[in-house]
Amino acid sequence: MSEETQSGFPKGKLMRGKRGLIMGVANKKSIAWGIAQQLHAQGAELGFTYQGEALEKRVRPLAESVDASMFMPCDVSDDASMDAAFATVKEQWGELDFLVHSIGFAGADGLKGSFVENVTRENFAMTMDISVFSFVAAANRAAPLMKPGSAMITMTYLGSERVIPNYNVMGVAKAALEASTRYIARDLGPKGIRVNAISAGPMRTLAMAGISGGRGMLSTGKAWSLLKEDTSMEGVAGSALWLLSDLGRSVAGEVVHVDAGFHAVGMPDEDALKG
Ligand code: NAD
Ligand code: 0WE
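Here's a quick rundown of the structure. In this text the structure is predicted, and so the values were computed from the model without any measurement.

What about helix H2 (residues 53-65)?
Item 1. The principal kink in H2, of about 40°, is found at Val-59, preceding the proline Pro-61 by one to four residues.
Item 2. When H2 is considered as a whole, its buried residues turn out to be Leu-55, Val-59, Leu-62 and Ala-63.
Item 3. Those residues of H2 hidden inside the fold are in contact with helix H1 (31-41), strand S2 (45-50) and strand S3 (70-73).
Item 4. Positioned one or two residues after H2, Asp-67 has a phi angle of 55°, which is positive.

Observations regarding the layout of surface pockets
Item 1. There is about 1,200 Å³ of room inside the largest pocket.
Item 2. As for the largest pocket, its lining consists of 43 residues, of which Ile-103, Gly-104, Phe-105, Thr-205 and Ala-207 are closest to the centre.
Item 3. A total of three residues in the lining of the largest pocket trace back to one element, the largest contributor, which is helix H7 (residues 206-209).
Item 4. Across the lining of the largest pocket, the residue classes tally to 29 nonpolar, twelve polar and two charged.
Item 5. Space inside the second largest pocket adds up to approximately 350 Å³.
Item 6. Considering the residues around the second largest pocket, the lining is formed by 26 residues, among which Tyr-157, Pro-202, Met-217, Gly-221 and Phe-262 are closest to the centre.
Item 7. Every element with two or more residues in the lining of the second largest pocket is listed here: strand S6 (194-200) and helix H8 (214-224).
Item 8. With six residues, H8 is the largest single contributor of residues to the lining of the second largest pocket.
Item 9. Residues of the lining of the second largest pocket, tallied by class, amount to twelve nonpolar, ten polar and four charged.

Quick word on the environment of Met-126
Item 1. For Met-126, the location among the structural elements is in helix H5 (residues 121-142).
Item 2. Separated by 60 residues in the primary sequence, Met-126 and Val-66 have C-alpha atoms spaced 33 Å apart.
Item 3. In this structure Met-126 touches Phe-105, Ala-106 and Gly-107, once residues within four positions along its chain are discounted.

Regarding the sheet that holds S3
Backbone hydrogen bonds are what pair the strands of a sheet, in a parallel or an antiparallel way.
Item 1. What the seven strands build is an open sheet, ordered S3-S2-S1-S4-S5-S6-S7; its pairing is parallel. Lying at the two open borders of the sheet, with one neighbouring strand each, are S3 and strand S7 (255-258). Averaged over all neighbouring strand pairs, the angle between strand axes comes to 20°, with direction disregarded.
Item 2. Note that strand S1 (residues 19-23) and S2 share five bridges and pair parallel.

Focus: the pairing of S2
Item 1. By the criterion of burial, S2 is predominantly enclosed, with five of the six residues buried.
Item 2. For the segment spanning S1, H1 and S2, crossover handedness is right-handed.
Item 3. Remark: the S2/H2/S3 crossover connection has right-handed handedness.

Reading the values: rules and limits
- Residues numbered from 1 in each chain as written.
- Chains lettered and ligands numbered in written order.
- Predicted model: local features only at pLDDT ≥ 70, side-chain atom pairs only at ≥ 80, totals over all residues.
- Heavy atoms only, no water.
- Bend = angle between axes of the 7 residues up to and from the residue.
- Helix = DSSP H or I, 4+ residues; strand = E, 2+ residues; numbered from the N terminus.
- Buried < 20%, exposed > 50% of the residue type's maximum accessible area, 1.4 Å probe, protein only.
- Contact = heavy atoms within 4.5 Å.
- 1 Å grid on protein atoms, 1.4 Å probe; cavity = no way out; pocket = protein on both sides within 12 Å on 5 of 7 lines; lining within 4 Å.
- Points joined across faces, edges and corners; volume = space filled by probe spheres on them.
- Nonpolar A, V, L, I, M, F, W, Y, C, P; charged D, E, K, R; others polar.
- Pairing = 2+ DSSP bridges.
- Axes fitted to C-alpha atoms, helices over the stretch in contact; angles between N-to-C directions.
- Right-handed = clockwise from strand over helix to strand, strands pointing away.

Taken by themselves, the reported measurements are silent on function.
See below:
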């Protein structure tokens, strides 16, 4: 039997000797936090960035609980803030073995009703800046610190490939994020740096909380899925571990669906339509 850590993630050595930066923990429900616990349980040394002042209080105890050796603010919409965060990584570690980008945001008007009518120029640009360019900007700063065998991941959602009610401008941003993943992977591939994305099914996080019809989406998602279950944090974190560890060798430019098989369904079972 495998020993378990306090977090419930089984202990192992897959990330022993590796150091990485986790961007996007807001609270204990954050996908980035699930991934961080998994990587910690496998021996990784972690650094965290948080969005700003308001989140410090919430994120600090989490970072401390996994013995984080770096903890700093980073607002991805601000170049100086990004520069400062990666300068600290360079100073304190010199090298970086992995990067987790788990950041996305759209103004509320961009996430409801008619996409074509509701999205404004400002909303579109801001969503793309925070949800897409931030990964490009982080990758560009992380790459010089990475040696062959290093890896990066970002988080995406099926709304990039197919229309999901209300996901709207975020779906457009996720399509650009997935394309960016492939182009970054092309640029960094020759340096031995692997870049991939995880397309997670709906999860009960802060980003999901304020969504109209969010609960219905979770229950429909479960009924339509191949596994007849919600997407689990363990599953998402497990795939992150695979992609960021040496188990992920030869995988680059990939978008991995971790969604209980929902993405593969063209027509649901009859009981799902009735329910
Ligand atoms: P979350 O709210 O816990 O995480 C989103 C993070 O983005 C927060 O930590 C927030 O502080 C950060 N952020 C937003 N604007 C920022 C800025 N300007 N600078 C720095 N950080 C900023 O929610 P989550 O569900 O864990 O989302 C993480 C990622 O996973 C997002 O990219 C989201 O689109 C993606 N995703 C979520 C789901 C889901 O159902 N929850 C499914 C698939 C993909
Ligand atoms: O990527 C996401 C969530 C992204 C998100 C959520 C919010 C809510 C609060 C980005 N920006 C904001 N801005 C806010 O003001 N997911 C994959 C979860 C999600 O969000 C949806 C979904 C799903 C699934 C929004 C509409 C429809 C479905």
